[in-house]
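# Fold and geometry: a report
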Amino acid sequence: LEYGVEQFINYVRGMSEEPGAYVLLENVKLKILKAKLSSKTVSGEVGTLLIEKGVFLKLKDGVIELTELQLAGKKKMDGKSFANGSHHLNGKLVN
């Protein structure tokens, strides 16, 4: 997660759909299919996952919203749907 927000968004766009950009969340692949800039300010630890009314990821120079993602072995879903069933992941770190 050494990328800045714009680099990370470009990485996701370049890798989407196959092979897909991914991070590890509790040793499980979380494939990121679409992402967009949420904020250019950041506080807290880089790599923190925020689950609110969507899924957000803190990077070194801002926060991105994960708008479409897929947990290993699961179907693709939009960020809001993922957030609805994943509040227990709020504050977890990804690699």
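Residues numbered from 1 in each chain as written. Predicted model: local features only at pLDDT ≥ 70, side-chain atom pairs only at ≥ 80, totals over all residues. Heavy atoms only, no water.

Take helix H1 (residues 5-15) next. Every buried residue of H1 is listed here: Val 5, Phe 8, Ile 9 and Val 12. The buried side chains of H1 occupy one side of the element, clustering within an arc of 100° when seen end-on. Those residues of H1 that are exposed and angled more than 90 degrees off the buried face are Glu 6 and Gly 14. Residues of H1 that are buried sit in contact with strand S1 (21-25), strand S2 (28-39), strand S4 (55-59) and strand S5 (62-71). (Buried < 20%, exposed > 50% of the residue type's maximum accessible area, 1.4 Å probe, protein only. Helix = DSSP H or I, 4+ residues; strand = E, 2+ residues; numbered from the N terminus. Arc of directions from axis to C-beta. Contact = heavy atoms within 4.5 Å.)

The next subject is the pattern of salt bridges. Applying the stated criterion across every chain, the model contains 5 salt bridges. Close ionic contact of Lys 92 with Glu 26 constitutes a salt bridge, the shortest N to O distance being 3.2 Å. Of this pair, Lys 92 sits in the segment after helix H2 (79-84) while Glu 26 sits in the loop between S1 and S2, and the two are 66 residues apart along the sequence. A relative accessible area of 49% places Glu 26 in the partly exposed class. The partner of Glu 65 in a salt bridge is Lys 36, and the shortest N-O contact between them spans 3.9 Å. On the criterion of sequence distance, the pair formed by Glu 65 in strand S5 and Lys 36 in strand S2 is long-range, its members being 29 residues apart. Glu 65 sits in the buried class, given a relative accessible area of 15%. Overall, the relative accessible area of 45% leaves Lys 36 in the partly exposed class. (Salt bridge = Lys/Arg side-chain N within 4 Å of Asp/Glu carboxyl O.)

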